[in-house]
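# Observations on chain architecture
Letter by letter, the chains look like this.
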Amino acid sequence: YSHNDYSVVSSYHNAEYIKEKYHLAESQFSVLYNYLDLSLFVYDNNKPRKENRILYVGRLDHQKNLFNIIKAIAQTSFVLDIYGKGKIESELRTFAEQCSANVNFYGVISNAELSSIYRQYTYYILASYQEGMPKTLLEAMASGCLCIGTDVTGIKEIIKDGVTGILSKTVEYNDIYIALDRAIQANNKEIMVRHGVDFIKENCSLTKIANEELLIFKNLVDAK
């Protein structure tokens, strides 16, 4: 970073980190969020969505805090549908049975199929211990899911509590349960969903990110 002409990172917390660690000036870097193809991940409020199921998409590993998600789900009448693979799948299956949590494991599907999966669900959850700039969260929000997350780096940059989604105060299962209940009981679901969709359109469209990258390249070439 110290020797680059210019740097690009995918989140503001990463920007603060490199700024402080490498003593960079504001003019030496930009934040560009991960982009989405918004012709694929589309909000459609005309089709019915599953109201009694929670969607998770991603790797199955300890960073994703899935044991606490399952423990929280076990306290509700909801079903957790998991799309993804990982090294702790067998442990999660056993844990779900022990907790009497209703959890389905659907494995990995293509990105094209995934776009239609998001549109089937009212709720999406990502309760990780930390994140960079989680693309599945962006995809779910763009697709009109009410997103539930933990108040950690990478997630709280996208989910503004009560505005674009719901944040759990901690990564512990009891707070995740409270966040789930808040989402279910919220009478402004549609408003939060629309705010989330607008946020993604403003910050994560492929066209926007490509144009900003092009401008960076042009400025670097002109400077030479």
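Below you will find a few notes about this structure.

## A few points about the overall build of the protein
Along the backbone of the protein there are eight helices and eight strands. Viewed in the frame of its principal axes, the protein has a C-alpha envelope of about 65 × 40 × 30 Å. Taking the contacts inside the protein whose residues are at least 6 apart along the sequence as the reference set, 65% of them involve residues at least 24 apart. As displayed, the protein has an accessible area near 11,400 Å², and 49% of this comes from carbon and sulfur atoms.

## What about the pairing of strand E3 (residues 50–57)?
Where E3 meets strand E6 (residues 121–126), three bridges bridge the pair, whose relative direction is parallel. For leucine 55, the partnering residue across the bridge sits in E6 and is tyrosine 124. Pairing of E3 with strand E4 (residues 79–83), which is carried by five bridges, proceeds in the parallel orientation. For tyrosine 56, the partnering residue across the bridge sits in E4 and is isoleucine 82. Read as a crossover between parallel neighbours, the route from E3 over helix H2 (residues 66–73) to E4 is right-handed.

## Considerations on the packing of aromatic side chains
Counted according to the given criterion, the structure contains eight aromatic pairs. Measuring from centroid to centroid gives 5.2 Å for phenylalanine 67 and phenylalanine 95, while their planes differ by 80°, and the two rings are edge-to-face. Of this pair, phenylalanine 67 sits in helix H2 while phenylalanine 95 is found in helix H3 (residues 89–99), placing the two residues 28 residues apart along the sequence. Taken together, a centroid distance of 6.2 Å and an interplanar angle of 65° make the contact between tyrosine 118 and tyrosine 124 edge-to-face. Three or more aromatic residues joined by ring pairs form one cluster here, namely Tyr12, Tyr33 and Phe199. Lying across the ring of tyrosine 35, lysine 135 places its NZ or CZ 4.5 Å from the centre.

## A short note on the packing of H2 against H3
Packing of H2 against H3 brings their axes to within 10 Å, and their N-to-C directions diverge by 20°. As far as their axial angle goes, H3 and H2 are roughly parallel. H2 and H3 meet at a crossing whose hand is right-handed. Facing Leu66, Phe67, Ile70 and Lys71 of H2, the residues of H3 in contact are Glu91, Leu92, Phe95 and Ala96. When its residues are assigned to classes, the contact of H2 with H3 shows six nonpolar, no polar and two charged.

## A few points about the sheet that holds E6
The sheet built from six strands is open, its strands ordered E5-E4-E3-E6-E7-E8 with parallel pairing. Lying at the two open borders of the sheet, with one neighbouring strand each, are strand E5 (103–105) and strand E8 (165–168). Strand after strand, the sheet turns through a mean of 25° between neighbouring axes, direction not considered. Helix-sheet contacts for helix H6 (residues 173–185) involve E3, E6, strand E7 (146–150) and E8, and the interaxial angle to E8 is about 160°.

## Some details on H2
Counting buried positions along H2 gives six out of eight residues, so the element sits mostly inside the fold. Of the surrounding secondary structure, the elements contacted by the buried residues of H2 are E3, E4, H3, E5, E6 and H6.

## Some points on the pattern of salt bridges
Inspection of every chain in the model, using the stated rule, returns nine salt bridges. Note that arginine 53 is salt-bridged to aspartate 81, the shortest N-O span being 2.8 Å. Taken together, the positions of arginine 53 in strand E3 and aspartate 81 in strand E4 put the pair 28 residues apart, joining distant regions of the chain. In this structure, arginine 53 and aspartate 81 share a single accessibility class: buried. The residue aspartate 161 makes a salt bridge to arginine 182 at a minimum N-O spacing of 3.2 Å. With aspartate 161 in the loop between E7 and E8 and arginine 182 in helix H6, this pair connects stretches of sequence that are 21 residues apart. Here the salt bridges share partners, and the residues they tie into one network are Lys85, Glu89 and Arg93.

Calculation criteria
Residues numbered from 1 in each chain as written. Predicted model: local features only at pLDDT ≥ 70, side-chain atom pairs only at ≥ 80, totals over all residues. Heavy atoms only, no water. Helix = DSSP H or I, 4+ residues; strand = E, 2+ residues; numbered from the N terminus. Contact = heavy atoms within 4.5 Å. Areas by Shrake-Rupley, 256 points an atom, 1.4 Å probe, with all protein chains shown as cover. Pairing = 2+ DSSP bridges. Right-handed = clockwise from strand over helix to strand, strands pointing away. Phe/Tyr/Trp six-rings, centres within 6.5 Å; stacked < 30°, edge-to-face > 60°. Lys NZ or Arg CZ within 6 Å of the ring centre and 35° of its normal. Axes fitted to C-alpha atoms, helices over the stretch in contact; angles between N-to-C directions. Parallel < 35°, antiparallel > 145°, perpendicular 65-115°, else oblique. Left-handed = near helix turned anticlockwise from the far one by under 90°. Nonpolar A, V, L, I, M, F, W, Y, C, P; charged D, E, K, R; others polar. Buried < 20%, exposed > 50% of the residue type's maximum accessible area, 1.4 Å probe, protein only. Salt bridge = Lys/Arg side-chain N within 4 Å of Asp/Glu carboxyl O.

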